[in-house]
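# Topology and contacts: notes
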Amino acid sequence: MKRLALRTGVRWKISIAIAAVGALVAVALSLVVHNAARVSMIENAREVQLERLLGAQRFYEATSMQKGGPKFGAKLNDPTIPPSLRDEVRKNRRATHVEQGSDGVPEVWAAVPLAGGDVLSLHSRFADRSATIMDDLDRALIIGSVSVVFGGCALGVLIGGQLSRRLRKAAAAAGRVAQGQTDVRVREAVGGVVRDETDELARAVDALTDALNERIEAERRVTADIAHELRTPVTGLLTAAELLPPGRPTELVRDRAQAMRTLVEDVLEVARLDSASERAELQELPLGEFVSRRIGLLNPEVTVRVVHESWVSTDPRRLERILGNLLGNAAKHGSTPVEVTVEGRVVRVRDHGPGFPEELLRDGPSRFRTGSMDRAGHGHGLGLTIAAGQARVLGARLTFRNAAPSGAAQGTGGAIAVLWLPEHAPTVTGSFPVLRMADQRQPSD
């Protein structure tokens, strides 16, 4: 079963946490204050009840020779005295007792021993004024608790909002870095006067970006140096192969030497594209006519269909390189027929093979990775990488998708590579990155 994930922001998490803590503190303090006030009032009621009873006792003893019983509400030998209170009086002690009445209002008892074993007692309900005070206190505690909760929510939203904004700025800056904008600094994007963990995270991301850039640049230089050093001996090897006597071994040597030379040239081209030093030499040309003419020279068997002609400002040499690599990829890994469609500024190259592998659709073309065995097995995975790099130089976008839906049987659809040329000439190299799978859902053919 797929686990349900509840997504929420830092702002609301902090707000809920502060509100929950405020509510717990408010409830705890309210209970403590309520109980303390209740105990204090009950103790005060005990003392008042006992003082009233002692006054009634003195009056009764002073007038014991006169007719009449106890005054001021006191009773002599009241049979309803609680047993616990009666036991205390039998020990010749003055005592008080509080019990909960049937209607929830406390009832206060006081009793004192008299000569001859009699018991003088006084019984009354909790004072109405004290009950009103407790009700007012409870109401005030409830209002205060609710105010604390809402105040905590507001404070949490304020604090969490500031933290959330900083994190979102950091995430946006990190995203731009991931897109290739290596000059973006996450710490500068976060900004702010207060220094907290967000700044530490931003500095760590900046340090990681610098380290990765240095490592990538070092690897690019090593790759370019190795390819450049191999260029001369490979050229010499190819020249020497041309001098060999005719025969099958000679053909094999020539083929392998030519393949090695092509690989070296491709690696050098990838290194130049990675260095972002390439610039397009722009010309105005009719896209449909240019594509038809060039593909007719590259592969006359490919069907070219111009739906709508459009003039574009682009580099014809780089555009021809992109078309050649896409057709070469379709010839190596796809199946005939191969179709090219030109519609305005969009060029689509489709074959009818097994389609692009999922790794390429998800991550884009990667050097020295040719995909699954049904589509791979030849080449070094540099053709689409070079095509994508040349598209960036043109300010264009190169997207990849399969004609068949995901999960369909192999060979039922084919692969579609779409080149989206820009409306205006590019001003900087790489103004449009190669789209990944999430961006490839463009309008279908």
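Keep in mind the model is a prediction, meaning the values are calculated, not measured.

A separate point is the UniProt feature "transmembrane region" (unreviewed entry) in the protein. Taken from the UniProt record, the annotation "transmembrane region" (unreviewed entry) applies to residues 12-33 and 140-159. Along residues 12-33 one finds 100% helix and 0% strand; the C-alpha atoms at either end are 31 Å apart.

Here the focus is the sheet that holds strand 2 (residues 95-100). Strands sit in the order 1-4-3-2 across an open sheet of 4 strands; the sheet is antiparallel. The open sheet has two edge strands, strand 1 (75-76) and strand 2, and neither has a second partner. With 6 bridges joining them, strand 2 and strand 3 (residues 106-113) adopt antiparallel strand pairing. Residue pairing for strand 3: Val98 is matched across the bridge by Val108. On top of the sheet, helix 2 (residues 83-90) reaches strand 2, strand 3 and strand 4 (119-125); it is set at about 20 degrees to strand 3, its chief contact.

Note on soluble globular proteins: their nonpolar side chains tend to be buried together. Core analysis: the biggest nonpolar cluster contains 33 residues, and Val291 and Leu419 have the highest contact counts within it. Counting only elements with at least two residues in this core, the list comes to helix 7 (287-298), helix 8 (316-333), strand 8 (339-343), strand 9 (346-350), helix 9 (358-363), helix 10 (383-393), strand 10 (397-402) and strand 11 (415-420). With 6 residues, the single largest contributor to this core is helix 8. Ignoring any residue separated from it by four or fewer positions in sequence, one finds Leu419 in contact with Leu319, Ile322, Arg345, Val346, Val347, Ala391, Ala396, Arg397 and Leu398.

Moving on, we get to the packing of aromatic side chains. Considering all chains together, one arrives at 1 aromatic pair under this definition. Between Phe356 and Phe400, the aromatic rings sit 5.3 Å apart at their centres with planes inclined by 80 degrees, giving edge-to-face as the arrangement. Taken as a pair, Phe356 in the loop between strand 9 and helix 9 and Phe400 in strand 10 lie far apart in primary sequence, 44 residues in all. Comparing Phe356 with Phe400, the two get one shared label, buried.

Turning our attention to the packing of helix 8 against helix 10. Two elements in contact, helix 8 and helix 10, have axes whose closest approach is 9 Å; the angle formed by their N-to-C orientations is 155 degrees. Considering the angle they form, helix 8 stands roughly antiparallel to helix 10. Helix 10 is crossed by helix 8, and the crossing has left-handed handedness. Taking contact as the criterion, the partners of Arg318, Arg321, Ile322, Asn325, Leu326 and Asn329 in helix 8 are, on helix 10, Gly383, Leu384, Ile386, Ala387, Gln390, Ala391 and Val393. When its residues are assigned to classes, the contact of helix 8 with helix 10 shows 7 nonpolar, 4 polar and 2 charged.

One open sheet holds the 5 strands; their spatial order is 6-8-9-11-10, and the pairing between them is mixed. Single-partner strands in this sheet number two, and they are strand 6 (303-308) and strand 10. The average angle at which neighbouring strand axes cross in this sheet is 15 degrees, direction not considered. Inspection of the sheet shows strand 9 paired to strand 11 by 5 bridges, in the antiparallel sense. From the neighbouring strand, Arg348 faces strand 11, where its bridge partner is Val418.

So, on to helix 10. Counted residue by residue, helix 10 has 9 buried out of 11 residues, so it is predominantly covered. Among the residues of helix 10, those classed as buried are Leu384, Thr385, Ile386, Ala387, Ala388, Gly389, Gln390, Ala391 and Val393. Of the residues flanking the end of helix 10, it is Gly395, one or two places downstream, whose phi is positive at about 75 degrees.

Another aspect to go through is the environment of Ala178. Positionally, Ala178 belongs in helix 3 (residues 128-178). A relative accessible area of 70% places Ala178 in the exposed class. Each C-alpha atom, one on Ala178 and one on Thr209, is 9.1 Å from the other, the two residues being 31 residues apart in sequence.

A few words on the pattern of salt bridges. This structure, assessed with the given rule, holds 9 salt bridges. Across the pair Arg46 and Glu43 runs a salt bridge whose closest N-O atoms are separated by 3.7 Å. In this pair, Arg46 and Glu43 are both assigned in helix 1 (residues 10-62), 3 residues apart and thus about one turn of the helix distant. Look at Glu43 and you get partly exposed, because its relative accessible area is 40%.

All right, on to a nonpolar patch on the surface then. A contiguous nonpolar surface patch, about 270 Å² in accessible area, is contributed by Val21, Val25 and Leu29. Mapped onto the elements, Val25 comes out in helix 1. Classification of Val25 as partly exposed rests on a relative accessible area of 46%.

Moving on, we get to the packing of helix 7 against helix 8. Look at helix 7 against helix 8: their axes get within 10 Å of each other, and the N-to-C directions meet at 55 degrees. Here helix 7 lies oblique to helix 8, going by the angle between them. Seen from above, helix 7 lies across helix 8 with right-handed handedness. On helix 8, the residues touching Leu287, Phe290, Val291, Arg294, Ile295 and Leu298 of helix 7 are Pro316, Leu319, Glu320, Leu323, Gly324 and Leu327. Looking at the contact of helix 7 with helix 8 residue by residue, the class counts come to 9 nonpolar, 1 polar and 2 charged.

If pLDDT is low for a region, its predicted coordinates should not be looked at in detail. Of the residues in the protein, 77% reach a pLDDT of 70 or more, and the chain-wide mean stands at 75. Between residues 371-379, whose pLDDT stays under 50, and residues either more than four places distant or in other chains, the model counts 23 contacts. Residue range residues 427-445 is modelled with pLDDT below 50. Its contacts to residues more than four positions away, or to other chains, number 47 contacts.

Let us now look at the environment of Val346. Mapped onto the fold, Val346 is located in strand 9. The buried category is assigned to Val346, whose relative accessible area is 13%. Residues Val346 and Trp420 lie 74 residues apart in sequence; the distance between their C-alpha atoms is 4.8 Å. Not counting residues up to four positions away in its chain, the partners in contact with Val346 are Leu287, Thr341, Val418, Leu419 and Trp420.

Calculation criteria
Residues numbered from 1 in each chain as written. Predicted model: local features only at pLDDT ≥ 70, side-chain atom pairs only at ≥ 80, totals over all residues. Heavy atoms only, no water. UniProt positions renumbered as here; feature names shortened; annotations may be inferred. Helix = DSSP H or I, 4+ residues; strand = E, 2+ residues; numbered from the N terminus. Pairing = 2+ DSSP bridges. Contact = heavy atoms within 4.5 Å. Axes fitted to C-alpha atoms, helices over the stretch in contact; angles between N-to-C directions. Core = buried A, V, L, I, M, F, W, Y, C linked by side-chain atoms within 4.5 Å. Buried < 20%, exposed > 50% of the residue type's maximum accessible area, 1.4 Å probe, protein only. Phe/Tyr/Trp six-rings, centres within 6.5 Å; stacked < 30°, edge-to-face > 60°. Parallel < 35°, antiparallel > 145°, perpendicular 65-115°, else oblique. Left-handed = near helix turned anticlockwise from the far one by under 90°. Nonpolar A, V, L, I, M, F, W, Y, C, P; charged D, E, K, R; others polar. Salt bridge = Lys/Arg side-chain N within 4 Å of Asp/Glu carboxyl O. Patch = residues over 30% accessible without salt bridge, like charges linked within 9 Å, V, L, I, M, F, W, Y side chains within 5 Å. Areas by Shrake-Rupley, 256 points an atom, 1.4 Å probe, with all protein chains shown as cover. pLDDT = per-residue confidence, 0-100.

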